[in-house]
Amino acid sequence: MNKELVLVTGGSGFVGSYCILELLRQGYRVRTTLRSLQKVEEVKAMLSRGGATNLEDLSFVAADLSQDEGWEEAVRDCTYVLHVASPFPIQSPQDENELIIPAREGTLRVLKAASQAGVTRVVLTSSFAAIGYSIDPKDHVFTEADWTDPAQTKDAYIKSKTLAERAAWDFVKDQKLELTVINPVGIFGPALTHDSSTSLAFVTLILTGQMTESLPFSFGVVDVRDVADLHVRAMTLPQAKGERFLATADGVMNVYTIAQLIRERKPELASQVSRLKPVDLWLQLSNEKAKTVLHWNPRSKEEAILASVESLLDLATVSKDKG
Ligand code: NAP
C-alpha cells in the first residue's frame, strides 16, 4: 500500500526533482507544485531520466510563491511538505525584492497553508547562505548554531534565504506545525536537464574552459541525491523536529581543486578544462549533526562533482570531443 501524501514545492528544480525521486522510491505518494502546468510533461521526462517508474503516484498543482492561488489545494491531505522552491538565479537581480519577496512571503504562504491543512511537519530547504556569511571564517568551524546577519550582506540571494528561514522559525513558534530546516552548501551530482541549477553552471564553466579566473572563495560540496535523502530523513525522524541540519560532504573545494579533480580523473577532457591558478582552501564546515542525529552518510565531494561532469557530458551540455 502507498504511504502518506507529501507535497514537494518546485518539482521542476534540481533539488525538487531529486526529492520527488527519493519519495517515490520509498513508496510515498507525491504532489508537486509548478508555476505553470505546461511543464508537466517536461518534469515527468526529467524524472523518468532519473529512474522514476511509478509516476502514477505523482500529481501536479499550479502555484507561484508570490500569489495565494493554488496553495490550499497543494497542501490538502498532505502529511508532510518539503518546501524546496525558491528563486536561485545565476545573476543577482537589480531589485533584491525579486528574490526576497518570493523566498520569505512564499515560505510564509506555504507554512500558513500547511498549518491550516493539519500537515504534521514541513521541511524547509534553506542554505549555507543563512549560516555562513557574517562570522569571520578564520579559525571557525561552521555549524548549525551559526547565522548570517542579513543586515551585513548586500547579496540578494543570501539575504533572501536568511530572511526566509528566520521568518519560518518565527512563524512556527506558536504553531502545532513542526519545522525542520536543511542548510545545504553547493549542490552538485547528476543533472537531469540541460539547464540544471546555478550550482552546476560552475562545473559547465570549468569543463568548457570558460572559467578563466581562480575565484578566491572556498565552498562545501554535497550531492543532490544525499540532499534528497536528508530531506526525507528530516521529514520523518522524530529527533529532527525543530532542528536545522548543515548538509555538506566532508571537506571543502574551490574552482581550482574542481578543475584539478576533473583533469586527473577525466584525462581525456584535460585540454578543454580551465587552467586556473592555485588558491588556498580556507573554509571549515561540520556535518557531524546530520551524521550523528539523522544517521546521514553522504557521498564524497569528489563523487558529487564527477557525477555532475558525467551527466553534463551525457546530456551533451558540454562536448566530449574538444580534447
Ligand atoms: P533550481 O533548479 O533553480 O530550482 C528552483 C525551483 O524553485 C524551481 O522549481 C523554480 O520553478 C522554483 N521557483 C522559483 N521561483 C518561484 C516562484 N516565484 N514560485 C514558485 N516556484 C518558484 O534550484 P535548486 O538548486 O534546485 O534550488 C532548490 C532549493 O535549494 C532552493 O531553495 C535553493 O535556495 C536551495 N539551495 C540550492 C543550492 C544549490 O547549490 N543548488 C544550495 C543551497 C540551497 P521554475 O521551474 O518555475 O523556475
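Once a new chain begins, its residue numbering starts again from 1 and follows that chain's sequence as written. Local features in a predicted model are, by the rule used here, given only for residues with pLDDT of at least 70; side-chain atom pairs are given and counted only at 80 or more, and totals for whole chains, interfaces and linings are based on all residues. Side-chain descriptors were evaluated using all non-hydrogen atoms of the structure, hydrogens and water having been removed beforehand.

- As annotated in an unreviewed UniProt entry, the chain carries the name Aldehyde reductase and comes from Siphonobacter curvatus.
- In its Sequence similarities (unreviewed entry) section, UniProt records this for the chain: "Belongs to the NAD(P)-dependent epimerase/dehydratase family. Dihydroflavonol-4-reductase subfamily." UniProt positions are given in the numbering used here, feature names are shortened, and annotations may be inferred rather than shown by experiment.

### A few points about the environment of Ala-249
Next up, step 1: Summarising the element assignment, Ala-249 is placed in the loop between β10 (244–247) and α8 (255–265).
Next up, step 2: Non-local contacts of Ala-249, meaning those with residues more than four positions away in its chain, are made with Val-221, Val-222, Asn-287, Pro-298, Arg-299, Ser-300 and Lys-301. Secondary structure follows DSSP: runs of H or I at least 4 residues long count as helices, runs of E at least 2 residues long count as strands, and numbering of each begins at the N terminus. Contacts were defined at the residue level, with two residues in contact if any of their heavy atoms lie within 4.5 Å.

### Section: the sheet that holds β10
Next up, step 1: Any two strands with at least two DSSP-identified bridges between them are counted as paired. Read across the sheet, seven strands follow the order β3-β2-β1-β4-β5-β7-β10 without closing on themselves; strand pairing throughout is parallel. Each end of this open sheet is capped by a strand with a single partner; those strands are β3 (58–62) and β10. Sheet twist, expressed as the mean angle between neighbouring strand axes with direction ignored, is 20°.
Next up, step 2: Relative to β10, strand β7 (residues 178–184) runs parallel, the two being bridged by four bridges. When the bridges of β10 are listed, Ile-182 appears paired with Phe-245. Working convention: axes come from line fits to C-alpha atoms, limited for helices to the stretch in contact. Angles between N-to-C directions cover 0 to 180 degrees.

### Considerations on the nonpolar core
Taken as a class, soluble globular proteins show a tendency for nonpolar side chains to be buried jointly.
Next up, step 1: In this text, buried Ala, Val, Leu, Ile, Met, Phe, Trp, Tyr and Cys residues form a nonpolar core when linked through side-chain atoms within 4.5 Å. Three labels apply to residues, based on accessible area from a 1.4 Å probe with only protein chains included: buried if under 20% of the type maximum, exposed if over 50%, partly exposed otherwise in between. With 76 residues, the main nonpolar core has Leu-23, Leu-82 and Met-235 as its most contacted residues.
Next up, step 2: Broken down by element, the residue count for this core peaks at eight residues, all from helix α1 (residues 14–25).
Next up, step 3: Among all residues touching Leu-23, those that are not within four sequence positions of it are Val-6, Val-8, Tyr-28, Val-30, Leu-82, Val-232 and Met-235.
Next up, step 4: Among the nonpolar cores identified, the runner-up in size contains 29 residues, and Leu-7, Ala-74, Ala-113 and Val-181 belong to it.

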